[in-house]
Amino acid sequence: GNSVTQMEGPVTLSEEAFLTINCTYTATGYPSLFWYVQYPGEGLQLLLKATKADDKGSNKGFEATYRKETTSFHLEKGSVQVSDSAVYFCALSGRQAGTALIFGKGTTLSVSS
Amino acid sequence: KAGVTQTPRYLIKTRGQQVTLSCSPISGHRSVSWYQQTPGQGLQFLFEYFSETQRNKGNFPGRFSGRQFSNSRSEMNVSTLELGDSALYLCASSLALAGELETQYFGPGTRLLVL
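Let us look at the structure shown here. Everything numeric in this text was worked out from a predicted model, so none of it was measured.

Moving on to the state of the cysteines. In protein chemistry, a disulfide is the covalent bond that joins the sulfur atoms of two cysteines. In this structure the tally under the stated criterion is two disulfides over all chains. One disulfide bridge connects A:Cys23 with A:Cys90, the sulfur atoms lying 2.0 Å from each other. For the disulfide bridge between A:Cys23 and A:Cys90, the dihedral angle about the S-S bond is near -70 degrees, and by the sign convention the bridge is left-handed. One end of the pair, A:Cys23, is in strand S4 (residues 23-26); the other, A:Cys90, is in strand S10 (residues 86-93), with 67 residues separating them in the sequence. Of the residues examined, A:Cys23 reaches a relative accessible area of 1% and is grouped as buried. Since its relative accessible area comes to 1%, A:Cys90 is described here as buried. A sulfur-sulfur distance of 1.7 Å marks the disulfide that ties B:Cys23 to B:Cys91. Judged by the sign of its S-S torsion, about -55 degrees, the cystine formed by B:Cys23 and B:Cys91 is left-handed. Placement of B:Cys23 in strand S3 (residues 19-24) and of B:Cys91 in strand S9 (residues 87-94) is noted, with a sequence separation of 68 residues between them.

What follows covers the interface of chain B and chain A. With 20 residues of chain B at the contact, the number on the chain A side is 19 residues. Taken together, the two surfaces of chain B and chain A that pack against each other cover about 1,600 Å², and 57% of this comes from carbon and sulfur. The tally of links from chain B across to chain A stands at zero salt bridges. Where chain B meets chain A, there are four residue pairs in polar contact (both at pLDDT 80 or more). Elements represented by at least two residues in the side of chain B that touches chain A include exactly strand S4 (31-38), strand S5 (42-50), strand S6 (53-57), S9 and strand S10 (105-106) of chain B. Of the residues in the side of chain B that touches chain A, the class split is nine nonpolar, seven polar and four charged.

Definitions and cut-offs
Residues numbered from 1 in each chain as written. Chains lettered and ligands numbered in written order. Predicted model: local features only at pLDDT ≥ 70, side-chain atom pairs only at ≥ 80, totals over all residues. Heavy atoms only, no water. Disulfide = S-S within 2.5 Å. Helix = DSSP H or I, 4+ residues; strand = E, 2+ residues; numbered from the N terminus. Buried < 20%, exposed > 50% of the residue type's maximum accessible area, 1.4 Å probe, protein only. Contact = heavy atoms within 4.5 Å. Buried area = accessible area lost by both parts, 1.4 Å probe. Salt bridge = Lys/Arg side-chain N within 4 Å of Asp/Glu carboxyl O. Polar contact = N/O pair within 3.5 Å; in protein donor to acceptor, adjacent residues only side chain to side chain. Nonpolar A, V, L, I, M, F, W, Y, C, P; charged D, E, K, R; others polar.

In structure tokens:
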């Protein structure tokens, strides 16, 4: 079945450091890929998405590229801020109507000033 | 445009009781999905509704049920609550246009504590 694997956290960085959170997936066909972010006490917010191979999703300085050859969708940001501290979830979705999102277990990011 | 709203935000129940949670999707969104989030199991899909019909269902016992109304609002019900049902319940809505990417937008969740 489909699955998503994320690097274990927590990830602790200093402000302005470079961030990478690894995500790999297993899926049949050509899924869509997502990164969601969850701030303390809140629901999930869509951060970025990519729908086909080699697509690059980007938002708020975060980027991720859909790599079909390595089945990966790693999240990167060149310079993190304290306000980026949150839990990040990688997810995939099939293209069939009504299909569920399948999530990784989440990676906690803590950024200190 | 208002986002996905969920009520109530917090709920405390005791074992054996039942609970109903409500979700109002983004205006114009026709699909509503429900997810359970726990520290141990992470985010797990419960079910998805479109045009008042359940289209997809996750691997949860029959105590978990849902429905969708003609205005796309959705409710989920959990009967005979167990301690393990304590979780954050998230609702997500999407446009569900034919052939379009089903990007899901989440509400803030309802935190249920079962004592």
